[in-house]
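Fold and contact review
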Amino acid sequence: MIKTVKKLFEKYKGFNFCAGLIITAVIFLIAVTGIFYTPYPSTAMNAALKNAAPGAAHIFGCDNYGRDIFSRVMEGIKNTFFISFFTVLLGSVAGMILGAVCGYYGGKLDNILMRLNDALFAFPSILLAMVIIALVGPGAFNVVLALGIAFIPSFARIVRAEFKKQASLDYIAGAKLMGAGDIRIMFVHILPNILPVLISSVMIGFNNAVLAEAGLSFLGIGVQPPEASLGRMLSEAQAFLFTAPWYAVFTGLSIALMVLGFALLSEGISEKK
Amino acid sequence: MSLLKAVIKKLGIILLTLLLVSFAVYAAFELIPGDPALSKLGTDATPEALAALRHEMGLDKPFIFRYFSWLLSCLKGDFGISLSYGRTVSSMIISRIPVTVFLTLFSTLITVVVSIPVAVLMTKYAGRFFDRFTYVVNQLVMSVPSFFAGILFTWFFGMILKLFKPGGYVSYDKDLPGFLFYILFPSIAVALPKCAMSVKLLRSSILEEADKDYVRTAYSRGNSTMQVMYRHVLKNALIPLVTFWSMSVADMIAGAIVIEQVFNIPGLGRILLSSIQNRDYPVVEAVIMLIALVVVVMNLLSDILCKKIDPRLKS
C-alpha cells in the first residue's frame, strides 16, 4: 500500500498534484467524518447565539438561527460530496455504455443517438438539470438523477470518440480473430486503453457536479431543508451579509476549496512526464 | 460559395436540433402525471365542465396533434398561457429577454477583452514571475463559483465600498446607464471563471503556435515580436478559443440565470425558477426553447467566424 503511494508520488511529483491531493484528502476526510460526527448537532438552534461571530467555541461562528456554521458546513460538504460522487457515477457509467455502443458499432444507430446527444450537449447541464427537476421535483435523490442525466452527453461524446479510434486498430481485429465477443472486446480490451481519458473526464465531471449541485441548491431546488447544503446556506447567508459576512465567506470558501482540490489533482495527473 | 453551402447545411442541422429539443421538452412535460384541466377547475368540478374545458384546451386530441399545434403557435410567437398567472407567456417573458441578453453579452465581452491581453502577457513572460503568479491566481479564480463571487462583490463593492446599491436594480427602459452600471458587477462575476479558463487555454494555444515553423519564417522576414504575435501567432491561436467562447455562451446564460438571484435582477432566470417551482410548464417550455435557439445560433456564428479566421477550414 505504502509502496504504491510512494510510486504514485514519484510519478507525479508536481506541486499541483501534491497540493490537490492534500486538499482533496482533507475534504474527503471531512465528508466521511460528517456522516458520523459533527461538533454540534447541525440543526440545534440557540437563540442566544444568533449570528455569533467566529470564536473558540464556534470556529466559523453561528447562523441566523444560532446553529453552528462549522457543523453545517461539514454536513454540507458531506452532502455535496456524495451527491457529486453518485452524479458522476451515474453520468459516467451511462455515458460510457452509450458511447461504447455508438463508437464500436457505428452506423445508423450511432448517427441518430449522437445527433440527439449533440443537441443535449449544446445545452448547459445545469439548465438541463433544472428542467428534469421541474419534472420530478427537488430533493437529494432527484438532484443525483437530474445531474446524472444531464452529464451523460459529455461522457458519451468523449467515450465514443475514443472507442471509434480504438475499434479500427489491429489488436481489435486480432481479438476478433480469436473469437472474442463484442461485449468482451468493448469492456476487456478497449476499456483499459481509454482509462486515462476516462479518468481525467471523470475528474472534470466531478468538479462540474460540485458546482452544479451548489448552484441548484443555491436556487432552492436542490437538497431540501432541514438537510444542510452549501448552496442553500450561501443563499441564506446573503440576507445577513452585512451583519454576519463570515457565514457567506466560510460557506463559499468550502465550495471553492472542493473544486480547487480536484482541479489541481487532475491538472497534476495530466502534466506527468 | 462553399461557405454558403456550409451555412445552409448547418442551418438544416440547427432546424433539426430545435425540432428535437422542442419535441423532447413537450413530450417530457406531457409525461408528468396530472391533468391541467382538473388543476384549473379544482377537484369538485362537474364532469361536464371538465370535459368542456378539456375540449377547449385541446386535451382531448391525440398527443402528436397537440405537439404540432403547440409548435405552430410557438413559431408565431404564441407560447400559450401561464398556468399560474393566467397571462400569455410571451407577454411575461418578452420584457425580460433584454435583461438576460445584456448580462450574457457583457460577460462574454469581458471574457474576450480581458483574457486576450492577459494570455499574451503571460506568454511574453513565460516561466517568469508574472506568468507563474497569474497562473496561480487563474487556478484560484477558476474554482470560485460565480454566485459566490457575486456575493463577495455585493459585500465588498456594494456594502463596504458602496460603489452600487445592492438590490437597487433599475429597469433598462427607465434608466439605461444605471441599468448597465448595475449589471456590470454581476457580469464580471459570471465572466470570471470563464475568463480564467480562456486565459489558460489561450496561453497554451499561443505557446504551441509559437513553436511552429511559420513563426521562425515570419521572424526571418524581419518582423518584430509584436508583429509576429498579433499578425501571425494570435490569429492561429484564437481559433480553438472562438469555439470555446461560443460554447461558453450557453454556460454564460446558465450563469446569468443563477447570478440574477444573487443581485435581485428580474430576468429570464427569475421567471424560469419561479415557474419551475410553481410547475408552470408553458413558461418553462418557452424559456427553454428560447435558450436552445440562442445556443444553436451562437454555434452557427462561431462556425462562420472560425472559417473567416482560418480559410483552411472551409473545405
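Bear in mind that the values here come from a model prediction, so they are computed numbers and not experimental data.

1. Comments concerning the side chain of Asn142 of chain A
Note that Asn142 of chain A resides in helix H6 (residues 140-167). When near neighbours in sequence (up to four residues on either side) are disregarded, Asn142 of chain A contacts Val136 and Gly137 of chain A.

2. Remarks on the nonpolar core
Within the largest apolar cluster, 118 residues are counted, with the highest numbers of intra-cluster contacts made by Met130 and Leu216 of chain A together with Phe263 of chain B. Top element by residues in this core is helix H14 (residues 281-309) of chain B. It accounts for twelve residues. Domain assignment of the residues forming this core places at least three in each of domain 1 (3-75) and domain 2 (89-314) of chain B. Dropping the residues within four chain positions of it, Phe263 of chain B is found in contact with Gly150, Phe153, Thr154, Phe164, Gly167, Tyr182, Phe185 and Pro186 of chain B.

3. A word on the pattern of salt bridges
Residues and elements named next belong to chain A. Applying the stated criterion across every chain yields a total of eight salt bridges over all chains. With a shortest N-O distance of 3.3 Å, Glu162 and Lys165 are connected by a salt bridge. Of this pair, Glu162 and Lys165 both sit in helix H6, three residues apart, which is roughly one turn of that helix. Accessibility expressed as a relative area gives 14% for Glu162, which makes it buried.

4. Looking at the domain arrangement of chain B
Residues and elements named next belong to chain B. Partitioning chain B into structural domains gives domain 1 (3-75) and domain 2 (89-314). Look at where the C-alpha atoms of domain 1 and domain 2 centre, and you get two points 34 Å apart. Contacts between domain 1 and domain 2 engage 15 residues on the former and 15 residues on the latter. Both sides together, the interface formed by domain 1 and domain 2 hides about 1400 Å², and carbon and sulfur atoms give 85% of it. Linking domain 1 to domain 2 there are zero salt bridges. Inspection of the domain 1/domain 2 interface yields zero residue pairs in polar contact (both at pLDDT 80 or more).

Reading guide: rules and limits
Residues numbered from 1 in each chain as written. Chains lettered and ligands numbered in written order. Predicted model: local features only at pLDDT ≥ 70, side-chain atom pairs only at ≥ 80, totals over all residues. Heavy atoms only, no water. Helix = DSSP H or I, 4+ residues; strand = E, 2+ residues; numbered from the N terminus. Contact = heavy atoms within 4.5 Å. Core = buried A, V, L, I, M, F, W, Y, C linked by side-chain atoms within 4.5 Å. Buried < 20%, exposed > 50% of the residue type's maximum accessible area, 1.4 Å probe, protein only. Domains from an automatic or database assignment. Salt bridge = Lys/Arg side-chain N within 4 Å of Asp/Glu carboxyl O. Buried area = accessible area lost by both parts, 1.4 Å probe. Polar contact = N/O pair within 3.5 Å; in protein donor to acceptor, adjacent residues only side chain to side chain.

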